[in-house]
Structures are given as structure tokens and as C-alpha cells.
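Structure at a glance
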Amino acid sequence: MPHSSSTQAVPSSSAVPRHVAIIMDGNGRWATGRFLPRVAGHGKGVEAVREIVEACAVRGVKYLTLFAFSSENWHRPAEEVSLLMRLFMAALEREVGKMHANGIRLKVVGDLTRFDDKLQQMIEDAQRKTANNTAMTVTVCANYGGRWDVMQAVQKMLAVRAAGDERAAGSRQDAASFKEDELAQHLAMAYAPEPDLFIRTGGEQRISNFLLWQLAYSELYFTDTYWPDFDAAELDKAITSYQQRERRFGRTSEQLIEQKKAS
Ligand code: IPE
Ligand code: IPE
Ligand code: MG
């Protein structure tokens, strides 16, 4: 069953965010602040990923989504890009077995065609191996961009309609009849509910082309802490901040109280 959209109905909420999405930023500055090469920060960042995956699992988060490499990160120096790819492969090699043993399903979303064949194969194998796990879903966004995602979903949606129109012998459907759900089902993360809590580390307060469609009603949390320093205690601070907020989804506070009483 598809997840309900926050723009249409009030999603069920729980004390622990069901879906946490993170822009893991600040690796480079963490390293340069220590007179280390930027790549040292990325290495340390992988360790933080391990800690946060575990902490989320323990706290009952069902979906954890991590922005690892954006469509725009190809603009970085070639050396840094190639090191990031190597780190990604090494992390897959090392961590997938452990994730599988802990019941974690791994998904990698983004335009994967630009990665080399070996990496694409590793991603496919990791996804296949963990496909039936249900404890938690960890999604790594790699060569991902929110605009890419919306565009590829539009293309798929139009292709489905065109095929339908052909079968119905040219009775073309009106463009105005497209519904939100018709598009949303083709987004790369259609298998997950929309993020409840969005976290960005590293001090910048922007979305940087992350999940543009799905963040419509997510609670946003920004911290100056660099990603390599983001640990379980930092995660708890973000979750505590989330728990103190009232998510209204366009309604009034009074309506939400009534709705709660009725349910
Ligand atoms: C995030 O850290 C990691 C990636 C974008 C791959 P950065 O590398 O952007 O670190 P800063 O922002 O330069 O400190
Ligand atoms: C966003 O970080 C992307 C990832 C963390 C993968 P960037 O460091 O690339 O974002 P900008 O360039 O500061 O917006
Ligand atoms: Mg950055």
C-alpha cells in the first residue's frame, strides 16, 4: 500500500520519528580544522554512519536516509570524487554482511548509471541480499538530486499514460487530470513514508537538492556539528527537538487536538 502524502492527510506520528533523513555535511571542514586532508574527514564520516545506523536501529527508527553524494558533487576535484567512490565500495564490502545480520534492508537511490560497473554490481548485490529484511531500511542517496528524482518520475508517469492512451485508441487524457499520487509512485523512494525529521549537520541551512518533493512537511533540524562528530547523543538532541514540535500539516492546533481525541 502506498504511504499517505503529508499534503493530503495527516500521517500518523509517533514519539520516535519513523523516517529520519540526513544531509551528512562538514567532513571537509572537520578535516581542514585539524590540518588534515579533506579525505580524512570522509573516512571519519564513514565511522559516523556506522554509529548513526546502529543508534537509529536501537531507537526504533524504521527508515534512515543518508545523502552521500549529490548530482552536483561531480563538480568536485576528480581526486576527491574518486576517493569518495572507493570509500563507498569499501564501506559496502565491510558493512553489508553486518547490516544483513541485523535485519537491515539497504537501498541505494540516485542515477546509478554514472558509477563504474563494479560499483553498480556491488550495489545490486547488496540490495538483493538484504531485500527481505524488515528491522529498518537504510537508504543511501548516491548521485542523487531532488530535481533528477522529480524529472525521472515525470518521465515514467508520462510513459505510463502514453501507453494507456495507445491502448484506449487515442482517447488522450487531459493533463489536468494527473494526480499527486500518480507522480509520487514513481519517485525513487516510493517505498518509504515521507521523512518526519530532516537533519543537516555542518552548519549550512539549505536543502542542496536533497528530497525536494518528500520534505514538504518534514521537521527541519540544523546543527553546526560536523558530520564526523555527529554521534548518538547528537542524534538524541535532534529527536528531542523533533518531539517538542507540533506538526500541523496546514491545520490549526485546535483541529489536531480534536482529531486526536476522536481517534
Ligand atoms: C559532506 O561533507 C560529504 C559530501 C558532500 C560527500 P563535505 O565534503 O561537503 O564537507 P564540507 O562541507 O566541505 O566541510
Ligand atoms: C550536500 O552537501 C550533499 C551531501 C552531503 C552529499 P554539499 O557540501 O555538497 O552541499 P553544498 O554544496 O554546501 O550546498
Ligand atoms: Mg559540504
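Provided above is the structure to which this section pertains.
Below is a summary of the structure that appears in this document. Everything numeric here is computed off the predicted structure, so don't read it as measured data. (Residues numbered from 1 in each chain as written. Chains lettered and ligands numbered in written order. Predicted model: local features only at pLDDT ≥ 70, side-chain atom pairs only at ≥ 80, totals over all residues. Heavy atoms only, no water.)

What about the site of ligand 1?
Close to ligand 1 lie Met24, Asp25, Gly26, Asn27, Gly28, Arg29, Arg38, His42, Ala68, Asn73, Arg76 and Leu84. Within the contact set of ligand 1, an oxygen atom lies 3.4 Å away from a backbone nitrogen or oxygen of Gly26. Contacts to ligand 1 include Asn27, whose backbone N or O atom sits 3.1 Å from an oxygen atom. For ligand 1, the accessible surface in isolation is 370 Å², of which the surrounding protein chains cover 87%. The cavity that encloses ligand 1 is the largest pocket. For the shell around ligand 1, the secondary-structure elements that each account for two or more residues are helix H1 (27-32) and helix H2 (38-59). Counting residues per element, the shell around ligand 1 draws most heavily on H1, which supplies three residues. For the shell around ligand 1, the per-class residue count stands at three nonpolar, five polar and four charged. (Near = heavy atom within 4 Å. Polar contact = N/O pair within 3.5 Å; in protein donor to acceptor, adjacent residues only side chain to side chain. Areas by Shrake-Rupley, 256 points an atom, 1.4 Å probe, with all protein chains shown as cover. 1 Å grid on protein atoms, 1.4 Å probe; cavity = no way out; pocket = protein on both sides within 12 Å on 5 of 7 lines; lining within 4 Å. Sits in = over half its atoms within 2 Å of the grid points. Helix = DSSP H or I, 4+ residues; strand = E, 2+ residues; numbered from the N terminus. Nonpolar A, V, L, I, M, F, W, Y, C, P; charged D, E, K, R; others polar.)

Here's the deal with the site of ligand 2
Around ligand 2 lies a shell formed by Ile23, Met24, Asp25, Phe67, Ala68, Phe69, Ser70, Asn73, Arg76, Arg200, Arg206 and Ser208. At 2.9 Å from an oxygen atom of ligand 2 is found a side-chain nitrogen or oxygen belonging to Asn73. Arg200 places a polar side-chain atom, nitrogen or oxygen, 3.2 Å from an oxygen atom of ligand 2. Here ligand 2 has 380 Å² of accessible area as a free molecule, and 79% of this is covered by the chains. Mapping ligand 2 onto the cavity grids shows that it belongs to the largest pocket.

Comments concerning the sheet that holds strand E6 (residues 219-222)
Taken together, six strands build an open sheet; the order of strands is E3-E4-E2-E1-E5-E6 and the sheet is parallel. Whereas interior strands pair on both sides, the edge strands pair on one side only; in this sheet they are strand E3 (104-109) and E6. Neighbouring strand axes in the sheet, compared pairwise and without regard to direction, differ in orientation by 20 degrees on average. Sheet topology note: the strand E2 (residues 63-70)/strand E4 (residues 136-144) ladder contains seven bridges and is parallel. If you follow Leu64 over to E4, its bridge partner there is Val138. On top of the sheet, helix H7 (residues 232-243) reaches strand E5 (197-200) and E6; it is set at about 135 degrees to E5, its chief contact. (Pairing = 2+ DSSP bridges. Axes fitted to C-alpha atoms, helices over the stretch in contact; angles between N-to-C directions. Contact = heavy atoms within 4.5 Å.)

Considerations on the layout of surface pockets
Its volume calculated, the largest pocket comes out at about 1,100 Å³. Met24, Val49, Phe67, Ala68 and Trp227 are, among the 45 residues lining the largest pocket, the residues nearest its centre. Those elements giving two or more residues to the lining of the largest pocket turn out to be H1, H2, E2, helix H3 (78-101), E3 and E4. Looking at side-chain class alone, the lining of the largest pocket contains 25 nonpolar, nine polar and eleven charged residues. In this structure, the second largest pocket is lined by 17 residues; those nearest its centre are Val10, Ser13, Arg247, Leu256 and Lys260. The element that contributes the greatest number of residues to the lining of the second largest pocket is helix H8 (residues 253-262), accounting for four residues. Of the residues contributing to the lining of the second largest pocket, the split by class is seven nonpolar, six polar and four charged. (Points joined across faces, edges and corners; volume = space filled by probe spheres on them.)

Considerations on the nonpolar core
Counting 43 residues, the largest nonpolar core has Ile22, Leu64, Leu92, Val138 and Ile199 as its most contacted members. The element that contributes the greatest number of residues to this core is H3, accounting for eight residues. If we ignore the near neighbours within four places in the chain, the residues touching Val138 are Val53, Leu64, Leu66, Met99, Ile104, Arg105, Leu106 and Lys107. Ala21, Phe67, Val109 and Ala188 belong to the second largest nonpolar core, which has 15 residues in total. (Core = buried A, V, L, I, M, F, W, Y, C linked by side-chain atoms within 4.5 Å. Buried < 20%, exposed > 50% of the residue type's maximum accessible area, 1.4 Å probe, protein only.)

Some remarks on the pairing of E5
Going residue by residue along E5, you find Leu197 and Ile199 tucked away on one face and Phe198 and Arg200 tucked away on the opposite face as well. The pairing of E5 with E6 spans four bridges and is parallel. Each bridged residue has a counterpart across the sheet, and for Phe198 the counterpart in E6 is Leu220.

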